[in-house]
Amino acid sequence: GMRSRSFHWLMSTACMNSSTLPGGYKAYRQWVLHTLRRPHRVIILGGLTGSGKTKILEELSKQGEQIINLEQLASHRGSSFGMIDMEKQPTYEQFENNLAMKWAQLDENKMVWLEDESPHLGQVRIPSPIVAQMIAPETKVVILERPIEERVATIFEEYGNMDKKELIEATQRLIKKLGSAKTSEICSLIENDKLNEAIKQLLKYYDKTYTHSGSGAQLDENKMVWLEDESPHLGQVRIPSPIVAQMIAPETKVVILERPIEERVATIFEEYGNMDKKELIEATQRLIKKLGSAKTSEICSLIENGSPIYLFKSMTSSNL
């Protein structure tokens with residue numbers, strides 16, 4: 001618009017290079033979201049913490065392979081220690097923009113290497129279309145296996161000269177997972193310059209996190225396990241990628257329940273009928289982008305006026 005052109009003119013009078021985006025930033029964001037949905041042949045480089053995945057990606061790049069370093073773009077290594085000695089993280093929107101620029105430059109005739117990452121890297125998350133390609137059944141995965149001594153040495157090389165205080169603070173953030181006694185033990189090792197031993201103790205935790213998922217280790221491998229069809233994200237937590245991969249694998253059996261809308265409404269009413277109106281209204285308002293302003297106002301009015309049956313019928317028909 002006029003402001004953009006004026007700013008562009010001002011920059012040019014100061015002998016500073018600048019350019020304007022055709023259609024403005026809104027059009028650019030549409031291009032970003034479209035670009036991130038573009039499919040590429042992805043190959044994942046996985047392995048336990050300290051396997052040297054990032055270094056190998058860098059070497060692959062030097063040899064002409066296509067790589068995208070997600071941790072570098074996110075300014076975060078993906079763990080409690082991930083922000084130490086890194087630049088300030090970009091906003092999620094800027095992370096998407098930066099990733100889209102890299103994604104657009106890829107040669108679709110060549111494989112692209114990505115490191116096996118959690119969908120969340122610090123305060124940003126890997127866009128859902130990219131995660132979907134990372135965990136797709138056809139995506140190839142290369143797993144690095146290295147002795148624990150080499151892994152400790154790799155981590156020590158990266159973190160050995162970092163500030164003790166920051167390392168201790170990062171360890172303390174794991175107290176709910178490590179437990180108070182283990183956290184104190186590792187912090188003491190760091191304080192007393194026994195970082196190699198501290199790394200070994202931390203690797204026991206990270207290895208368990210990588211190879212097990214919650215109660216999965218308690219399952220009987222000779223019996224089927226039933227899971228509900230879910231989005232990968234449940235509020236602020238996510239279903240681990242290896243579990244999602246199994247849920248969407250071609251060989252996974254799917255049982256679809258079909259019930260009349262009246263029965264579905266009654267089921268939802270039984271669960272939500274006695275809940276606080278204010279909370280139901282706030283939850284409905286969070287759906288405004290999907291429902292639209294008019295439908296959202298209509299449903300909120302139904303809740304306010306004590307007509308929850310019509311509310312649930314409306315939401316059910318909207319497939320939300």
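Thresholds, definitions, all that
- Residues numbered from 1 in each chain as written.
- Predicted model: local features only at pLDDT ≥ 70, side-chain atom pairs only at ≥ 80, totals over all residues.
- Heavy atoms only, no water.
- Helix = DSSP H or I, 4+ residues; strand = E, 2+ residues; numbered from the N terminus.
- Contact = heavy atoms within 4.5 Å.
- Areas by Shrake-Rupley, 256 points an atom, 1.4 Å probe, with all protein chains shown as cover.
- Patch = residues over 30% accessible without salt bridge, like charges linked within 9 Å, V, L, I, M, F, W, Y side chains within 5 Å.
- Salt bridge = Lys/Arg side-chain N within 4 Å of Asp/Glu carboxyl O.
- Buried < 20%, exposed > 50% of the residue type's maximum accessible area, 1.4 Å probe, protein only.
- Phe/Tyr/Trp six-rings, centres within 6.5 Å; stacked < 30°, edge-to-face > 60°.
- Pairing = 2+ DSSP bridges.
- Axes fitted to C-alpha atoms, helices over the stretch in contact; angles between N-to-C directions.

Asker: Looking at this structure, how should I read the overall build of the protein?
Answerer: When its secondary structure is counted, the protein shows 17 helices and 8 strands. By sequence separation, contacts in the protein at least 24 residues apart represent 69% of the contacts at least 6 residues apart. For the protein, the accessible area works out to roughly 21500 Å², and carbon and sulfur atoms hold 53% of it.

Asker: Would you mind going over a nonpolar patch on the surface with me for this structure?
Answerer: Taken together, the side chains of M224, W226, V255 and L257 make up a nonpolar region of the molecular surface, amounting to roughly 600 Å² of accessible area. Along the polypeptide, W226 turns up in the loop between α11 (195-211) and β7 (233-234). When its relative accessible area of 70% is taken as the criterion, W226 is described as exposed.

Asker: Help me out: how do you make sense of the packing of aromatic side chains in this one?
Answerer: One pair of aromatic rings is described through two measures. These are the centre distance and the angle between the planes. Across all of its chains, the model carries 4 aromatic pairs by this definition. Geometrically, the ring pair formed by F81 and Y159 is edge-to-face, given 6.2 Å between the ring centres and 75° between the ring planes. Placement of the pair is F81 in the loop between α4 (70-74) and α5 (92-104) and Y159 in helix α7 (residues 148-159), with a sequence separation of 78 residues. Accessibility classification places F81 together with Y159 in one group, the buried group.

Asker: I tried to follow the sheet that holds strand β1 (residues 42-47) on my own but got confused; where do I start?
Answerer: Adjacent strands of a sheet form backbone hydrogen bonds with each other and so pair up, either parallel or antiparallel. Spatially, the 4 strands line up as an open sheet ordered β2-β3-β1-β6, and their pairing is parallel. Strands at the two margins of the open sheet, each flanked by one partner only, are β2 (66-68) and β6 (140-144). Neighbouring strand axes in the sheet, compared pairwise and without regard to direction, differ in orientation by 30° on average. Sheet analysis places β1 next to β6, joined by 5 bridges and oriented parallel. Pairing of L45 across the sheet is with V142, part of β6.

Geometric values such as these leave the question of function open.
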